[in-house]
Every structure is written in structure tokens, then in C-alpha cells.
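Next come the chains, spelled out residue by residue.
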Amino acid sequence: MEYAIRNQAFADKMAMSYAEFFDGITPMVQRVSLRVSGQGEAAVLELKNVETHAEIRWRLADIRQVPDQAREDAFIFTPDNDAPARLVIREAEALRELVTALPDLKTLGAPKGSWRKMIGMVAAAVVAFGAILFGLIPVMADRGAELIPPETEMALGQGLFEQVYPAMGAYECTDPAGQAALDRIQARLTRGLDLPYPIQARVVSEPSLNAAALPGGHVTFHRGLIEAAQSPEEVAAVLAHEIGHVAHRDGTRAVLRTMGSFGIIGLVYGDFLGGSAMAAVSQQLITSSYSREAEERADAYAHELLAREGISPGALGVFFQRIRDQGLDMDLGVFQHLSTHPETLTRIEASAAAAAVGFTPGDPVLSAEDWAALQRICGGGAPLSGGTKG
Amino acid sequence: MSALKTEFGGGRGDLFQLAMKTGFLTALTFGLYRFWQTTRFRRWYWSAVRPGGTPMEYTGTGAEKFIGFLFAIILLALYLAFFNVVAMFITIRLSANTPGILEYGAAATPLALIPIIFMARYRARRYIMSRSRWRGIRFGMSAGAWGYAWRACLYSALTLLTLGLLWPLRTFQLEKYLTDRSWFGTARFTQFGSFWQLYGPLIPFLICFWGTLALYGYGLRYVLPAMLESISRGIPMVASNAPAWPFLAGNLGILLTFLFAVYYRVASFRVMAAMKTLGDGLEFDIHPRTRTLVRIHIIGGILTNLATSVAATIVIVAAIAIGMGIGISLPSGPSASVPEPSVILALTLLFVISLVVIIVFYNVFRQIFITFPMVRHVAETLEIHEPSLLSTIRQRDRDDTRDAGGFAEALNVGGAF
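Values in this document were obtained by computation on a predicted structure and should not be read as measured data.

Q: Please clarify how the overall build of chain B should be interpreted in this entry.
A: On a plain count of helices and strands, chain B comes out with 11 helices and 10 strands. Counting every position in chain B, which comprises 417 residues, the buried fraction comes to 37%.

Below, the structure written as C-alpha cells:
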């Protein structure tokens with residue numbers, strides 16, 4: 001590297017320059033004259049106190065400039081990366097010359113090795129967050145779910161039911177004939193099952209194609225799902241899937257996992273712009289990874305239960321296929337990971353495979369009029385045409 | 001020697017460039033650059049503040065801030081996970097008969113963070129002090145974040161319980177705690193005075209606050225029975241002929257209460273600043289005006305919103321042009337097929353990018369129109385008396401704070417920059 005002073009004229013000019021010097025020991029200002037001497041690596045900047053004539057030398061190669069100054073009328077230099085001494089140059093001429101003499105003038109920066117330390121800390125943070133979110137919390141939540149008495153779970157589910165749906169602007173559909181039809185499907189599927197609590201299946205007036213198993217056996221169908229289904233077998237298949245969740249107490253697990261991971265994701269984003277949105281998306285990703293396994297387990301449970309009752313396990317796949325055909329599953333790129341259900345195609349294939357194993361067909365799930373009553377459970381004459389989504 | 005006055009050197013144009021550059025870098029790096037951005041802002045503002053003509057200096061680095069943040073979030077995640085799990089099991093135990101308690105359990109987490117937030121504030125301030133210099137001499141702060149946290153919790157609770165009557169006690173004790181632990185080189189800051197001196201600026205607030213409460217109480221006396229009945233019977237509330245004026249006056253009262261709260265905060269800051277000394281009797285003054293700060297907030301807020309609207313319009317027009325330019329147009333009509341996934345993805349991306357760009361502009365304009373004039377106003381009111389006493393001060397050792405303000409960053413209690 002070349003730190004040589006370009007010419008003697010410059011060095012002479014520098015000799016006439018003055019600056020303010022702070023020695024880093026006291027806050028008192030010293031007036032110094034500046035002079036550059038020496039060549040190449042040995043070039044130094046001499047600072048001479050105009051009163052005491054004490055002299056200090058800074059190696060040119062080590063000099064750093066303090067960056068991001070608000071106004072370009074005072075430039076601040078330091079002998080190296082660590083020393084607290086400061087030189088304030090205000091004379092524009094001297095400054096320009098010094099900067100031209102030091103083409104490689106570096107700005108004061110982070111000490112060496114901080115990159116390695118940074119990468120190490122990133123790795124540590126990733127490991128710690130992974131261990132907490134995917135190790136500690138799921139294990140503790142599963143343990144907690146086993147400790148909760150069933151009565152509490154039932155009350156918790158009822159509480160959630162009363163909070164969640166009114167908040168969405170939905171109400172419970174209570175047409176007696178429709179409810180009776182739904183109860184008939186439920187009775188057929190649950191006979192002889194050893195469940196922690198009875199299933200309570202209901203329909204709410206929410207137009208989306210969805211169903212949920214809240215804690216404590218509260219299974220909720222959205223109106224959109226009931227009306228889009230083309231046969232009672234499809235509704236039965238979805239109910240069988242939700243019964244699978246109930247049998248595994250997945251609703252309670254999900255509540256406890258959410259409780260356990262509360263606030264942890266938000267830490268990462270801090271006050272970064274759109275941080276809360278990013279945190280919400282990440283929370284969704286984590287919830288989805290928690291539930292992927294639960295969904296697969298519930299599907300498998302449903303296949304077995306349907307086959308036992310003489311209903312084709314393929315009905316679940318038929319229903320998923322219908323959602324897919326209507327372009328309602330979010331099976332695209334990034335969205336795929338946001339959906340809490342495993343890739344629909346995989347689930348359709350699993351369902352078809354379960355049907356291929358064979359089962360003895362039983363009685364139809366509902367009579368034609370019961371089926372019509374179920375489809376009208378939320379009132380309003382003709383069912384909505386397939387694919388309508390709220 | 002005469003008193004040292006403080007000048008503020010630095011223009012909005014330079015700050016605008018810095019804010020734009022770092023704002024977009026932050027957006028492009030998904031927020032990763034924000035540690036370096038904060039650092040660069042601090043360096044800029046510090047160098048603009050020039051007591052006695054010599055710029056202050058901020059020596060923190062983005063790298064140490066990032067490392068400190070990672071360190072902090074690991075500890076906080078462990079703390080929260082531990083707390084959540086304990087809260088979970090306790091609520092499960094207690095929940096045998098009262099299912100609602102599970103929800104209270106979830107609500108307990110923010111409560112558990114309150115002392116941590118105070119601790120984070122103290123540590124963030126300590127970090128900033130340790131990275132600030134003037135005339136080559138370091139500022140610094142002694143350890144004491146937990147002592148601050150429990151005091152802050154205690155005095156906050158007292159303030160809440162007495163409906164603001166003990167607010168001056170909280171203000172004074174916490175400020176004294178912070179001041180008495182602050183250093184410039186070998187000289188220590190000391191807070192003199194007593195909390196009684198803060199009651200003067202508090203009186204307008206107390207009158208308005210208590211008056212507002214009384215108005216609402218008076219108004220509710222008529223409305224409350226009808227309200228309770230409507231809740232218990234689950235029927236919509238019938239319009240009563242209760243007087244409306246207490247509520248109207250109460251709304252005005254809220255506005256005044258808020259304004260007088262701001263006045264109290266600025267005035268108490270001024271009063272306490274006049275009663276601080278450094279080392280052996282070096283005195284200084286810092287006296288921002290409430291009305292200037294309020295004016296900056298109002299005018300700055302209007303300018304920020306105006307400028308952001310203009311920028312947002314340009315961004316949206318550009319986004320639509322780009323969208324049409326690359327042939328994205330949603331199929332129309334009932335017979336149209338479902339749009340291709342790639343089209344939806346591209347549109348979503350375009351939308352997200354536009355939103356981020358608008359947010360970046362908003363932050364830049366806030367910086368230019370609010371933060372900048374605020375800092376300038378406060379800085380220009382700083383005066384140091386008897387500067388000859390500075391000669392007794394010597395350098396202090398470098399203080400390594402490992403979290404580098406990371407707790408405050410993680411908990412989002414950082415402030416403007």
C-alpha cells in the first residue's frame with residue numbers, strides 16, 4: 001500500500017495547518033500544529049502543541065476517520081481503531097490535503113473478528129429457538145394436555161366456541177331437522193369408540209370451507225363446507241377426521257402450544273417495519289408445522305373409522321379434490337406452507353390408497369331427505385352453488 | 001470563563017439521504033440492517049450536537065449491537081418459555097373448576113415482561129452512555145438495571161394506585177437513580193432537589209385528570225344501571241334520557257389531560273436538569289419548551305402524513321404500471337378461470353413491496369420532520385456553566401455491555417433511534 005506523501009509542497013502546506021486536539025485523558029482542548037513527515041509505511045502525522053511544544057506522532061497508515069458526521073465543517077480523526085484521542089480539523093484546505101494524502105483512509109469500524117462472532121451467535125440463536133419452539137414447548141404442552149381433566153377441556157372448548165364464532169360474525173345454525181341429521185352421522189361414527197368426552201358436532205353460519213375440532217369434543221362445521229359437499233359421505237369423512245383430532249386431544253394441545261410459545265416469536269422482529277406482520281406469519285408457520293403431524297394422524301384415524309363403518313375412506317379424498325378443483329386450496333408456492341393442512345394432493349392420494357385396501361360397503365349414511373335437511377341447516381332455501389367463498 | 005452554549009450542526013438534506021439509504025437497506029435485508037441503521041443515526045445525531053462547538057461522538061458499532069441483540073433474544077426466549085410453561089402448569093392445576101383461568105394464564109405473559117422492560121431500558125441507556133464521548137472523554141453508567149427495574153415497578157404501582165398523585169415521586173426517584181449512576185469520565189452526575197418541586201408542573205394535569213374522572217363518574221351514574229341490565233339480560237341497551245354533557249366535557253378533559261401530561265413530562269425534565277451537577281459543582285442547564293415540542297409534533301405529524309401520502313400515491317401508481325407492464329391482469333367475468341398461482345404470487349409480491357416502500361418513506365419523513373427538529377430543539381437549550389471545572393475530569397475505562405441494548409431492541413422499547 002502506498003501512504004507516501006505526494007510532494008513536498010503538500011507537506012509544507014500541512015505545516016501551516018492547525019487543529020484541535022483532545023488527548024483522550026482530559027476534556028481540555030489543545031491547539032496543535034500539523035505536519036506530515038516520513039515516507040511510505042513510516043509516514044507520520046506530527047501534532048505539536050502550540051503552547052507546550054509537546055509533540056505526538058500518529059502513523060498515517062493507522063489513522064481512522066470518524067464516519068457519519070452531520071456537517072462537513074469539522075472532520076474528526078483518531079490515531080487507530082481503539083485510542084480515545086481525537087483530532088478535530090476544521091480548516092477546509094488542510095482537510096482536503098490530508099484526505100488526498102491518505103487515499104486509503106479508513107473509517108473507524110468494528111474490531112476484527114466480529115463477523116465470526118456474529119455468525120456464531122446467529123447459529124446459537126437458531127439452535128436455542130429451535131430447541132424451545134420444537135422441543136421444549138411441544139413436549140410440555142403434550143404433557144400438560146394429559147393433565148387437564150376432561151371436564152375442564154369441555155368447558156374450555158365451549159368457551160372458545162362462544163368467543164371465536166361471534167367474533168367472526170357467525171352464529172350457530174340450529175335447524176332441528178338438520179341437527180338431527182348431523183347427530184345421526186355422528187352417532188354412527190362414534191358407536192363403540194372410547195373417546196375422552198362425547199362429541200358435540202355443530203354447524204356455524206361461516207361461509208368458508210372449513211371444519212374445526214375445538215378442545216373437549218366440540219366439532220364445528222362451517223356452513224360453506226356443508227353446502228359444498230355433494231354427498232353425506234363427504235361430511236361423514238370430514239367428521240371422522242375431526243373425531244381423530246378429538247381422540248388425540250389435538251385441540252387442547254394446540255391451545256397449550258400457542259400458550260407456551262406466546263411472545264417468543266415477536267422477540268426476533270423487534271421494531272422492524274412490518275415486524276408484527278412478520279411475527280404473525282412466522283407464528284403461523286410454526287403452528288402449521290406443529291399441526292402437520294396431527295393432521296396426518298387424524299387422516300389415518302378417519303380412514304380406519306370410515307372403513308369400519310362401511311363408508312369409503314376415499315370420501316375424504318373426494319372432498320379434498322372438490323376443494324382443489326374449485327381452486328380454493330392455497331397450494332401455491334409460499335402459501336403452501338401457510339396452510340395448516342398438509343399438501344392436499346398427498347392427502348387425496350393417502351385417502352385413495354386407504355380406499356383401495358378395501359372395505360365392506362355399509363348402509364348409506366343419510367336418507368335423501370335427511371341429507372337435504374342437513375344442507376339446509378343454516379336456512380336460506382337452495383344451497384349456495386359450489387365454490388362460493390365468503 | 002463564560003458558559004458553553006450548544007450548537008446544532010446538521011441539515012435535513014443529509015439526514016434525508018442517510019435515512020433513505022439505511023431505510024432501504026433495512027427493508028432489503030428483512031430488518032437485519034436495522035442495527036447498523038440505528039448506529040448510523042446515532043453517530044449522525046451525536047456529531048450534530050456540539051456543546052461548546054465540539055461535536056459529541058457515538059462510538060457504538062452495528063456489529064456489537066447485532067451480537068448483543070442475539071444474546072438478548074436467546075435469554076429472553078428462555079425466560080419466556082420457562083415462564084409460559086410454569087404458568088401453563090399452574091393454570092392447569094387451578095383450572096379444575098374455573099376454565100376461564102386458562103385465558104388468564106395467557107394474559108400473564110405481558111405482565112411477566114414488565115420488570116424486564118424496565119431492566120432493558122436501563123441497560124439500553126447504559127450502553128448508549130458507554131458509547132458516547134465528548135472531547136475524547138467517555139460517558140458511562142454504573143451497573144444497576146435490576147435495582148432500577150424493581151424501583152420502577154414499585155413507583156409505577158404507587159402512581160397508578162394514587163391516580164397520579166405520586167407521579168412526581170416516581171419521576172424524581174427514577175431520574176435520581178439514573179443520574180446518580182451516570183458519569184462523564186471520572187466525574188459523577190448528581191441529582192439534587194426533591195420530588196416536592198415537581199408538584200407545580202403536575203397541578204394542571206391532576207386537576208384535568210381528576211376532573212375528567214369525576215365527569216365520567218357523574219355521567220355513568222345515570223347510564224350504568226341500564227348498561228348492567230342490558231348486559232345481564234343480553235338485550236341491546238335502550239337509549240336513556242341521561243344527560244350527555246358529562247361525556248362531552250369528559251372527552252375535552254381527556255385531550256387536556258393528555259396535553260398537561262406532556263407539559264408535566266417536559267417541565268419536570270427541565271426542573272430536574274437544573275438541579276443536576278457534574279463532578280465538583282459543574283452545573284448545566286437544559287430547558288426545552290413544551291409548546292415548541294408540541295408544535296413540532298403537530299406540524300411534523302401533518303408534514304409527515306402529507307409527504308407520505310404523496311410518496312404513497314407515486315408508489316401505488318408505479319406499482320399499477322409495473323403490474324400492467326408485465327402483463328398481470330386478473331381474468332374478469334364469471335367464465336374466467338382461476339388465476340395462475342404465479343400471477344397471484346407476483347401480485348402479492350408487488351403489493352408487499354409497495355407497502356414496504358411506503359413504510360420506509362413514512363419512517364424517513366418522521367425522522368426528518370419530527371425526530372430531527374426535536375433533537376435540535378432540546379440540544380440547543382443545553383448550556384454548561386463554569387467550563388473551567390472540566391479540567392479536573394479524567395478519562396474512564398471502557399465499559400463492555402454485552403447486550404448492547406439488545407433487550408430493548410427485542411422488546412421494542414428502543415425509542416426513535
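Having seen it, we continue.
Q: What am I meant to see in the overall build of chain A here?
A: What chain A contains, in helices and strands, is 14 helices and 12 strands. Per-residue burial for chain A yields a buried fraction of 38% across its 390 residues. Sequence-distant contacts, at least 24 apart, represent 64% of the contacts inside chain A between residues at least 6 apart.

Q: Please clarify how the packing of helix α5 (residues 176-190) of chain A against helix α14 (residues 368-375) of chain A should be interpreted in this entry.
A: Packed helices, taken two at a time, are described by the angle their axes make and the gap between the axes. Residues and elements named next belong to chain A. The contact between α5 and α14 brings their axes to 7 Å, and the two run at 115°. The chirality of how α5 crosses α14 is left-handed. When α5 is examined against α14, the residues Ala177, Gly178, Ala181, Leu182 and Arg184 are found in contact with a partner set consisting of Asp370, Trp371, Ala373 and Leu374. In the contact of α5 with α14, the residues fall into 6 nonpolar, 1 polar and 2 charged.

Q: When you look at the nonpolar core in this model, what are you seeing that I'm missing?
A: Generally speaking, soluble globular proteins have nonpolar side chains that are buried together. Formed by 89 residues in total, the largest nonpolar core has its most connected members in Ile264(A), Ile73(B), Leu76(B), Ala77(B), Met119(B), Phe407(B) and Ala410(B). No other element matches the 16 residues that helix α3 (residues 62-94) of chain B contributes to this core. In this view, Met119(B) contacts Ala145(B), Trp146(B), Ala149(B) and Phe407(B); residues no more than four positions away in its chain are not counted. Ala170(A), Ala201(A), Ala298(A) and Leu306(A) belong to the second-largest nonpolar core, a separate cluster that totals 48 residues.

Q: Even after reading the chapter, I still don't get the environment of Phe71(B), so can you show me in this structure?
A: Residue position: Phe71(B) is located in helix α3. Through-space distance from the C-alpha of Phe71(B) to that of Ala404(B) is 9.3 Å; in sequence the pair is 333 residues apart. Not counting residues up to four positions away in its chain, the partners in contact with Phe71(B) are Met121(A), Arg402(B), Asp403(B) and Gly406(B).

Q: It is not clear to me how the interface of chain A and chain B should be interpreted in this structure. Could you clarify?
A: The accessible area lost on association of the parts is a frequent measure of interface size. Listed as interface residues are 61 residues of chain A and, on the opposing side, 63 residues of chain B. Within the residue set of the side of chain A that touches chain B, elements represented by two or more residues are β7 (86-89), α3 (114-147), α4 (150-168), α8 (250-260) and α9 (264-269) of chain A. By residue number, the principal contributor to the side of chain A that touches chain B is α3(A), which donates 15 residues. Classifying every residue of the side of chain A that touches chain B gives 40 nonpolar, 14 polar and 7 charged.

Q: How should unusual backbone geometry be read in this particular structure?
A: It is generally the case that most residues other than glycine have a negative phi and that most peptide bonds are trans. Residue and element names in this part refer to chain B. Although it is not a glycine, Leu163 sits at a positive phi angle of roughly 50°. Mapped onto the elements of the fold, Leu163 is located in the loop between α5 (145-161) and α6 (167-179). Residue Leu163 is classed as exposed on the basis of its C-beta count, with 12 C-beta atoms lying within 10 Å. Not every positive phi belongs to a glycine, and Glu386 is a case in point at roughly 50°.

Q: What should I look at first to understand α5(B) in this one?
A: Helical periodicity: at 3.6 residues per turn, an α-helix aligns residues three or four positions apart in one direction. All names here are of chain B. Across its 17 residues, α5 extends 24 Å between first and last C-alpha, which sits within 8% of the 24 Å expected from 1.5 Å per residue. Looking only at α5, the buried set comprises Ala145, Tyr148, Ala149 and Ala152. On an axial view of α5, the arc spanned by its buried residues comes to 100°, and they lie on one face. Among the exposed residues of α5, those pointing more than 90 degrees away from its buried face are Trp150, Leu154 and Leu161. Leu163 lies just past α5 and shows a positive phi near 50°.

Q: What's the story with the sheet that holds strand β6 (residues 182-184) of chain B in this structure? I'm lost.
A: Residues and elements named next belong to chain B. Read from one edge to the other, the open sheet built from 10 strands follows the order β2-β1-β10-β9-β8-β7-β6-β5-β4-β3, with strand pairing classed as antiparallel. Strands at the two margins of the open sheet, each flanked by one partner only, are β2 (49-51) and β3 (56-58). Adjacent strand axes in the sheet meet at a mean angle of 25° when their direction is disregarded. The pairing of β6 with strand β7 (residues 187-191) spans 2 bridges and is antiparallel. Looking at β7, one finds that Trp183 is bridged to Arg188. Here helix α2 (residues 34-48) sits on the sheet and contacts β1 (4-8), β2, β3 and β4 (132-134); the angle it forms with β3, its principal contact strand, is near 170°.

Q: Please clarify how the sheet that holds strand β11 (residues 211-214) of chain A should be interpreted in this entry.
A: Strand pairing in a sheet takes place through backbone hydrogen bonds and is either antiparallel or parallel in direction. One open sheet accounts for 4 strands, arranged β9-β10-β12-β11 (chain A); its pairing is mixed. Strand pairing shows two members of the sheet lacking a second neighbour, β9 (172-173) and β11 of chain A, which therefore form its edges.

Q: Any chance you could explain the packing of α2(B) against α3(B) here in plain terms?
A: Residues and elements named next belong to chain B. Taken N-terminus to C-terminus, the directions of α2 and α3 make an angle of 130°; their axes are 8 Å apart at the nearest point. Here α3 runs oblique to α2, going by the angle between their axes. The way α2 lies across α3 gives a crossing that is right-handed. Contacts from Phe35, Trp36, Thr38 and Thr39 of α2 reach α3 at Gly62, Lys65, Phe66 and Phe69. The class makeup of the residues in the contact of α2 with α3 is 4 nonpolar, 3 polar and 1 charged.

Q: How do you make sense of the confidence of the model for chain B when you look at a structure like this?
A: Segments scoring low in pLDDT should not have their predicted coordinates read at a detailed level. Residue and element names in this part refer to chain B. Here chain B averages 84 in pLDDT, and 88% of its residues register 70 or above. In the model of chain B, helix α4 (residues 101-130) stands out as the element of lowest mean pLDDT, 80, in contrast to α5, which has the highest, 94. Long-range and interchain partners of residues 331-336, a stretch whose pLDDT sits below 50, account for 3 contacts in this model, where long-range means more than four residues apart. Across the predicted assembly, pTM comes out at 0.79 and ipTM at 0.75.

Cut-off values and rules
- Residues numbered from 1 in each chain as written.
- Chains lettered and ligands numbered in written order.
- Predicted model: local features only at pLDDT ≥ 70, side-chain atom pairs only at ≥ 80, totals over all residues.
- Helix = DSSP H or I, 4+ residues; strand = E, 2+ residues; numbered from the N terminus.
- Buried ≥ 20, exposed ≤ 12 C-beta atoms within 10 Å, placed from the backbone.
- Contact = placed C-beta atoms within 7 Å.
- Axes fitted to C-alpha atoms, helices over the stretch in contact; angles between N-to-C directions.
- Left-handed = near helix turned anticlockwise from the far one by under 90°.
- Nonpolar A, V, L, I, M, F, W, Y, C, P; charged D, E, K, R; others polar.
- Core = buried A, V, L, I, M, F, W, Y, C linked by C-beta atoms within 7 Å.
- Expected span 1.5 Å × (residues − 1).
- Arc of directions from axis to C-beta.
- Pairing = 2+ DSSP bridges.
- Parallel < 35°, antiparallel > 145°, perpendicular 65-115°, else oblique.
- pLDDT = per-residue confidence, 0-100.

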